[in-house]
Amino acid sequence: TDQDRGDLSRLPDYFNDVRTLKVRFLQIGPEGNAAEGQIYLSRPGRFRFEFDPPVPMLIVSDGADIIMEDRELKSVERIPLGATPLDLLLREKVDFGEGVGISKVERGAAILRITLFEPSRPKEGSLTLVFGDKPLEFAGWTVTDAQGKTTSISLSQLDFNPQLSSRLFSYGDRPAQERELMRRR
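Residues numbered from 1 in each chain as written. Predicted model: local features only at pLDDT ≥ 70, side-chain atom pairs only at ≥ 80, totals over all residues. Heavy atoms only, no water.

**Re the sheet that holds strand β1 (residues 20–28)**
The condition is simple: DSSP calls a pair of strands paired once it identifies at least 2 bridges connecting them. Starting at the N terminus, helices and strands are each numbered in turn, a helix being any DSSP run of H or I of at least four residues and a strand any DSSP run of E of at least two. All axes here are fitted lines through C-alpha atoms, helices being fitted over the stretch that makes contact, and every angle between N-to-C directions spans 0 to 180 degrees.
Strand order in the open sheet formed by 11 strands is β6-β5-β4-β3-β2-β1-β11-β10-β9-β8-β7, and the pairing between neighbours is antiparallel. The two strands at the open ends of the sheet, each matched to only one other strand, are β6 (75–80) and β7 (101–108). Here the average twist between neighbouring strands, direction ignored, is 20°. Of the strand pairs in this sheet, β1 and strand β11 (residues 150–160) are connected by seven bridges, and their pairing is antiparallel.

**Looking at unusual backbone geometry**
Cis geometry is found at the peptide bond from P53 to P54, where omega equals 15°. By secondary structure assignment, the location of P54 is in the loop between β3 (46–51) and β4 (57–62). For the peptide bond that leads from K134 to P135, omega is 5°, which places it in the cis range. For P135, the location among the structural elements is in the loop between β9 (125–132) and β10 (137–145). The phi dihedral of Q157 is positive, around 55°, even though this residue is not glycine.

**A word on the nonpolar core**
One broad trend across soluble globular proteins is that nonpolar side chains are buried collectively. Note the cut-off: We define the nonpolar core as a collection of buried residues of types Ala, Val, Leu, Ile, Met, Phe, Trp, Tyr and Cys that are connected through side-chain atoms lying within 4.5 Å of one another. When accessible area is computed with a 1.4 Å probe and restricted to protein chains, residues below 20% of their type maximum are described as buried, those above 50% as exposed, and intermediate ones as partly exposed. Two residues qualify as a contact provided that any one of their heavy atoms is within 4.5 Å of a heavy atom in the partner residue.
One finds F15, F49, F96, L129, F131, F138 and W141 to be the most contacted residues of the largest nonpolar core, which totals 36 residues. Considering each element in turn, this core owes the most residues, four residues, to helix α1 (residues 2–16). Beyond its immediate chain neighbours, meaning those up to four positions away, F131 contacts L11, Y14, F15, A110, I111, L112, L136, E137, F138 and A139.

**Let's talk about the confidence of the model for the chain**
This is how the line gets drawn: For every residue, the pLDDT score states the predictor's confidence, bounded by 0 at the bottom and 100 at the top.
Counting all residues, the mean pLDDT for the chain is 87, and 93% of those residues have values of 70 or more. Looking at the elements of the chain, mean pLDDT is at its lowest for helix α3 (residues 176–184), recorded as 43, and at its highest for β1, recorded as 97. Segment residues 174–185: pLDDT under 50, and 19 contacts once partners within four positions in sequence are set aside and those in other chains are kept.

**Here's the deal with the pairing of strand β2 (residues 34–42)**
Of all nine residues in β2, seven are buried, a share of seventy percent or more. Here six bridges tie β2 to β3, and the two strands are oriented antiparallel to one another. Counted as the bridge partner of Y40 is R48 from β3. Linking two consecutive strands that pair antiparallel, namely β2 and β3, is a turn of three residues; a positive phi of about 80° is found at G45 within it.

**Describing the side chain of T115**
As for its position among the elements, T115 is in strand β8 (residues 111–117). Classification of T115 by relative accessible area gives buried; the value is 9%. Apart from the residues lying within four places of it in its own chain, the contact partners of T115 are G101, I102, S103, K104, S126, L127 and T128.

**What to know about the environment of A109**
Secondary-structure assignment places A109 in the loop between β7 and β8. Separated by 24 residues in the primary sequence, A109 and D133 place their C-alpha atoms 8.5 Å from one another.

Written out as structure tokens, the structure reads:
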């Protein structure tokens, strides 16, 4: 609809003004398990999810791959960033035109939800962006994977365009605070 197109036209400018982001998150997994932590983001392609204890996970994207470390299981998994729906938000230039599938635009009381997918891989999952509306404010997202399992992320304490160290996005180079946490364990 014209209203959908109007809402969609506001989003790229919102994201393209954000080069870096520091934010608190609350994650609700497919089984209802909750975890909190800090997200650092640097476009294009780089992010770091630091989970608060006792969650033993670290997820880092260096711009090419997403590295998921489970410290408890002492395992590391790598997947290409482009194989995930988050790639749609981490590109150099966010554009919801060609190359991005839009399956749904929903409005509620001061809420706007946009569901995106990769047109070349529609069965691999989707990304639903959630915004507070009037004024537009990014509130989180829900990822639905190929098996239909959903993980929701709610955001708070958004800090737009802070100065961030590039070391945050390098898997092997942990910041001093994290090294201290590891030393105590």
